Structures are given as C-alpha cells and as structure tokens.
Amino acid sequence: QVQLVESGGGLVQAGGSLRVSCAASGSIFSINFMGWYRQAPGKQREWVAHIHSGGSTNYAYAVKGRFTISRDNGENTVSLQMNSLKYEDTAVYYCYADPQARPGLPSTRYWGQGTQVTVSS
C-alpha cells in the first residue's frame, strides 16, 4: 500500500500565490508519474499537471504559465507552485502518484485526501 499526504493550500487573494505539496510513502520502488487534479464545487474533477520521474512536465491549458510542478524523487514528493491565482482556481486539489512496488510490476494509481485552495476575488 501507498499513502499520499498533502499539505499547503489555504485562502489567498486573487493574484497571490500558494504552494501545495504531497508526500508518498509505503511500498514504493519507483514512481513514474506524479501530478495533480482539482475539483471545484459542482464541477467534475479536472487534471491540472503531471511530472515524470525524468523531469518532463505537462500542464492543463488553464494553468500553463502560472503553475509550476516539481518533484523530489529521493523523497517521493511532488509540489505545485501556484502563482497569479484566479478566483476560478478555487477547488480541492488532489495529488496522485503511479508507483511500482517492485521492478516489473505494473504501476497503480494512488490519491491524496485533497487540500482546499480558495481564491478570493
């Protein structure tokens, strides 16, 4: 089993910045992708960004240029630096990870519990 524990988030004014982080622990040999989804009230969960263990990143159009994802492979952590926040960024942010427990085994996706990010207009 793998556990993902998120930290950060909170309340910020529009135009401000916040950072959310997520630490994975448990039966982990390696983690291919780590990333973030978010879910706003009354909306479906949407993908935000991901980062591969090799460092390549990808972002949703809505956050590109404002959010930066990073990870520490040694610590199995992933962070999302959110700048120039907008009211529409308000959501619960969920981290995810696709770890392998042992070499050759398929990866399984695990999720964090979610952390609230609220942007006031």
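Values in this document were obtained by computation on a predicted structure and should not be read as measured data. (Residues numbered from 1 in each chain as written. Predicted model: local features only at pLDDT ≥ 70, side-chain atom pairs only at ≥ 80, totals over all residues. Heavy atoms only, no water.)

Caption draft 1: Inspection of the sheet that holds strand β8 (residues 77-82) at higher detail. Strand order in the open sheet formed by 4 strands is β1-β3-β8-β7, and the pairing between neighbours is antiparallel. Two strands bound the open sheet, and with one partner strand each, they are β1 (2-8) and β7 (67-72). Each strand of the sheet is rotated relative to its neighbour by a mean of 15°, with strand direction disregarded. The sheet contact formed by strand β3 (residues 18-26) and β8 spans 6 bridges and is antiparallel. Each bridged residue has a counterpart across the sheet, and for L18 the counterpart in β8 is M82. (Pairing = 2+ DSSP bridges. Helix = DSSP H or I, 4+ residues; strand = E, 2+ residues; numbered from the N terminus. Axes fitted to C-alpha atoms, helices over the stretch in contact; angles between N-to-C directions.)

Caption draft 2: Fine view of the nonpolar core. If you look at the biggest cluster of nonpolar residues, it comprises 30 residues, and the most contacted ones within it are W36, L80, M82 and Y93. Looking at this core, the elements with two or more residues in it are β1, β3, β4 (30-39), β5 (46-52), β7, β8, β9 (91-100) and β11 (115-120). (Core = buried A, V, L, I, M, F, W, Y, C linked by side-chain atoms within 4.5 Å. Buried < 20%, exposed > 50% of the residue type's maximum accessible area, 1.4 Å probe, protein only.)

Caption draft 3: Quick peek at the pairing of β7. A one-sided burial pattern is seen for β7, the buried positions being F67, I69 and R71 and the unburied ones T68, S70 and D72. As defined by bridge partners, β7 adjoins β8 across 6 bridges and the pair is classed as antiparallel. Looking at the pairing, F67 lines up with M82 of β8. Following β7, the chain reverses through 4 residues before pairing antiparallel with β8; N76 in that reversal takes a positive phi of roughly 55°.

Caption draft 4: Looking closely at the side chain of S21. Assignment of secondary structure puts S21 in strand β3. A polar atom in the side chain of S21 sits 2.9 Å from the side chain of S79. Apart from residues no more than four positions distant in its own chain, S21 is found in contact with V5, E6, S7, W36, V78 and S79. (Polar contact = N/O pair within 3.5 Å; in protein donor to acceptor, adjacent residues only side chain to side chain. Contact = heavy atoms within 4.5 Å.)

Caption draft 5: Broad picture of unusual backbone geometry. You will see that N76, though not glycine, has its phi angle at about 55°, which is positive. Inspection of the secondary structure assignment puts N76 in the loop between β7 and β8. On the basis of relative accessibility, which here comes to 18%, the residue N76 falls in the buried class. Positive phi values are uncommon outside glycine, yet S84 reaches one of about 50°. The topology assignment puts S84 in the loop between β8 and β9. For S84, a relative accessible area of 41% puts it in the partly exposed group.

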